[in-house]
Amino acid sequence: MIKNFKHWRKVIYSGIGVVCVVAIAIGVKVSNKEKATLNNDINTNEISNVASFDADMAENELKAISSAGAEEAEAEPLLMEEGFPKINALITKFFNAKLESSENAFDGLVMDPSGIDYERLHRKVEYIVSYQNIKTYVAKGINEVDYVAYVTYDLELPSIETMAPSIDEIYISLDENNKPLVYLGKLSEETQNFVDDLRNTEEVKSLISGVTDELTAAVKSDSNLKDFYDSFAGDN
């Protein structure tokens, strides 16, 4: 009996104590063949249980990861207004540089200032006093464009009391030091298609539509503003 107890104690230490204690309690004599069969059944059940537990745990982990990813994707909007202080600062400096319209004004602000038509730019900003209420909405880009910024603002015009709501689409690229710069170069076909699709999203269309409605209302409310826009109709 002691010998059998020592044997079963080893089995108990192996993690199968319940079955062994029952066998000792009823004084069952187990043959070598029966022992082998019993051990095989126990090991099979143990492996099956462990495998089932591992499979369930893996499935639960995958569900948790999938759920977390879905929540993160849902939480991040297409257009982001917060979290881009460097881009916001760049946009403000870029707009001020446009008002100045000098070659040195764009240093450190654009990827390649050589493509700027300063004469054309000067004509566009000649009658602009200032850019007010600048807000930047940022979307992630692709390829040569790291971000696409939709910038809303109010134009202060000379001798016109009512400001003109406006919106610009500006491309942002990061240099080797991750410094944001305005990208003025030609877009690749893939990037152009991406930008076109971005403009057709509900978020961007809603933003543009809102600014258009504000401008329409402003023009209707101020005849001087209407005359100003009519005088520049068709000017590119």
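In case you missed it, the structure is sitting above this.
Note that the structure is predicted; figures quoted are calculated from it, not measured.

Over its 20 residues, helix H7 (residues 202-221) extends 28 Å from the first C-alpha to the last, a length consistent with the 28 Å expected when each residue adds 1.5 Å. Within H7, the full set of buried residues consists of Val204, Leu207, Val211, Ala218 and Val219. Buried residues along H7 cover an arc of 105 degrees about the axis, so they all sit on one side. In this structure, H7 carries Glu202, Lys220 and Ser221 as exposed residues pointing more than 90 degrees from its buried face. As for H7, its buried residues are in contact with strand E1 (130-140), strand E2 (147-156), strand E3 (164-174), helix H6 (189-199) and helix H8 (223-231).

Attention now moves to the pattern of salt bridges. Applying the stated criterion across every chain yields a total of five salt bridges. With a shortest N-O distance of 3.0 Å, Arg199 and Asp196 are connected by a salt bridge. One end of the pair is Arg199 and the other is Asp196, both in helix H6 and three residues apart, which spans about a single turn. Of the residues examined, Arg199 reaches a relative accessible area of 31% and is grouped as partly exposed. A salt bridge links Asp230 to Lys226; its shortest N-O distance comes to 2.8 Å. Separated by four residues within a single helix, Asp230 and Lys226 lie in helix H8, roughly one turn from each other. Under the relative-accessibility criterion, Lys226 is labelled partly exposed at 41%. When salt bridges that share partners are traced, they join Glu169, Asp196 and Arg199 into one network.

Let us look at the packing of aromatic side chains. Geometry of an aromatic ring pair is reported as the spacing of the ring centres plus the angle between the planes. Counted according to the given criterion, the structure contains eight aromatic pairs. Judged by centre distance (5.0 Å) and plane angle (90 degrees), the ring pair of Phe95 and Tyr153 falls under edge-to-face. Taken together, the residues Phe95 in helix H4 (residues 85-100) and Tyr153 in strand E2 connect sequence positions 58 residues apart. Here Phe95 and Tyr153 have matching classes, each one buried. Pairwise contacts between aromatic rings join Phe94, Phe95, Phe106, Tyr118, Tyr131 and Tyr153 into one cluster. A cation over a ring is seen here: Lys98 above Phe95, with NZ or CZ 4.9 Å from the ring centre.

Strand order in the open sheet made by the four strands is E1-E2-E3-E4, with antiparallel pairing throughout. Looking at strand neighbours, the two that pair on one side only are E1 and strand E4 (180-182), the edges of this open sheet. Pairwise comparison of adjacent strand axes, ignoring direction, gives a mean angle of 35 degrees for this sheet. On top of the sheet, H4 reaches E1, E2, E3 and E4; it is set at about 135 degrees to E1, its chief contact. Relative to the sheet, H7 contacts E1, E2 and E3, its axis offset from that of E3 by approximately 145 degrees.

For the rest of this paragraph, the subject is the pairing of E3. As paired strands, E2 and E3 are joined by nine bridges and run antiparallel to one another. Along E3, the bridge assignment pairs Ala149 with Ile170. Across three bridges, the pairing between E3 and E4 is antiparallel. Of the residues in E4, the one forming a bridge with Ile172 is Val182. Linking two consecutive strands that pair antiparallel, namely E3 and E4, is a turn of five residues; a positive phi of about 60 degrees is found at Asn178 within it.

Definitions and limits used
Residues numbered from 1 in each chain as written. Predicted model: local features only at pLDDT ≥ 70, side-chain atom pairs only at ≥ 80, totals over all residues. Heavy atoms only, no water. Helix = DSSP H or I, 4+ residues; strand = E, 2+ residues; numbered from the N terminus. Expected span 1.5 Å × (residues − 1). Buried < 20%, exposed > 50% of the residue type's maximum accessible area, 1.4 Å probe, protein only. Arc of directions from axis to C-beta. Contact = heavy atoms within 4.5 Å. Salt bridge = Lys/Arg side-chain N within 4 Å of Asp/Glu carboxyl O. Phe/Tyr/Trp six-rings, centres within 6.5 Å; stacked < 30°, edge-to-face > 60°. Lys NZ or Arg CZ within 6 Å of the ring centre and 35° of its normal. Pairing = 2+ DSSP bridges. Axes fitted to C-alpha atoms, helices over the stretch in contact; angles between N-to-C directions.

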